[in-house]
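Descriptive analysis of the structure
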Amino acid sequence: MTIFKRRGEIADMLAKIEAIRNKIEIADSLNDPLFKQCRTEGLLLDISKVYRHIRIALPEHVCPWCGGKGCSDCRTTGMVSPYVWGMAPEQLKKDLLKRA
Ligand SMILES: [Zn+2]
């Protein structure tokens, strides 16, 4: 699974987004004049949205729908993120783990 080896790229991006979000939250709480022209409430919501979009790309589990062969649910990668894994039916996950 080539993309599994590259999961650090996504993890790094998520960490950077998290750092930006934390910095803006601190600036907002301190009423930092550097960010006065930002609408920090909306900005934080947008950052959270970007975080969630990228988080879906994190390859963490073998796709429970296709067992790693590639399908429309994993967009042919054979891998899914923890978020997508959490949405999969429990029986599919149990069946996949039995095959492992
Ligand atoms: Zn799949």
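Residues numbered from 1 in each chain as written. Predicted model: local features only at pLDDT ≥ 70, side-chain atom pairs only at ≥ 80, totals over all residues.

**A short note on helix 3 (residues 40–55)**
In this model, helix 3 (16 residues) spans 22 Å end to end at C-alpha, consistent with the 22 Å of a helix rising 1.5 Å per residue. Among the 16 residues in helix 3, 0 count as buried, and that is only a small part of the element. (Helix = DSSP H or I, 4+ residues; strand = E, 2+ residues; numbered from the N terminus. Expected span 1.5 Å × (residues − 1). Buried ≥ 20, exposed ≤ 12 C-beta atoms within 10 Å, placed from the backbone.)

**A closer look at the confidence of the model for the protein chain**
Residues with a pLDDT of 70 or more make up 99% of the protein chain, whose mean pLDDT is 94. Confidence scores differ between elements of the protein chain, with helix 1 (residues 2–5) showing the lowest mean pLDDT of 89 and helix 2 (residues 7–29) the highest of 96. (pLDDT = per-residue confidence, 0-100.)

**Section: helix 2**
Here helix 2 is 23 residues long and its end C-alpha atoms lie 33 Å apart, about the 33 Å a rise of 1.5 Å per residue gives. Asparagine 31, located one to two residues past helix 2, shows a positive phi value of around 55°.

**Examining the domain arrangement of the protein chain**
Domain parsing of the protein chain yields domain 1 (1–57) and domain 2 (60–100). Once you take the C-alpha centre of each, domain 1 and domain 2 turn out to be 27 Å apart. A class-by-class count of the residues in the side of domain 1 that touches domain 2 yields 5 nonpolar, no polar and 2 charged. (Domains from an automatic or database assignment. Nonpolar A, V, L, I, M, F, W, Y, C, P; charged D, E, K, R; others polar.)

**Thoughts on unusual backbone geometry**
For arginine 75, which is not a glycine, the phi torsion comes out positive at approximately 55°. For arginine 75, the location among the structural elements is in the loop between strand 1 (61–62) and strand 2 (79–80). Overall, the presence of 13 C-beta atoms within 10 Å leaves arginine 75 in the partly exposed class. Phi is positive for threonine 76, which is not a glycine, with a value near 65°.

**Brief notes about the packing of helix 2 against helix 3**
One way to put it is that helix 2 packs onto helix 3 with a least axis distance of 10 Å and a crossing angle of 165°. Classified by the interaxial angle, the pair formed by helix 2 and helix 3 is roughly antiparallel. Considering how the two elements wind past one another, helix 2 and helix 3 form a crossing that is left-handed. Of the residues in helix 3, those touching helix 2 at Ile10, Met13, Leu14, Ile17, Ile20, Arg21, Ile24, Glu25 and Asp28 are Thr40, Leu43, Leu44, Ile47, Val50, Tyr51, Ile54 and Arg55. Classifying every residue of the contact of helix 2 with helix 3 gives 12 nonpolar, 1 polar and 4 charged. (Axes fitted to C-alpha atoms, helices over the stretch in contact; angles between N-to-C directions. Parallel < 35°, antiparallel > 145°, perpendicular 65-115°, else oblique. Left-handed = near helix turned anticlockwise from the far one by under 90°. Contact = placed C-beta atoms within 7 Å.)

**Observations regarding the environment of asparagine 22**
The residue asparagine 22 is located in helix 2 in this model. Judged by C-beta crowding, with 10 C-beta atoms within 10 Å, asparagine 22 ranks as exposed.

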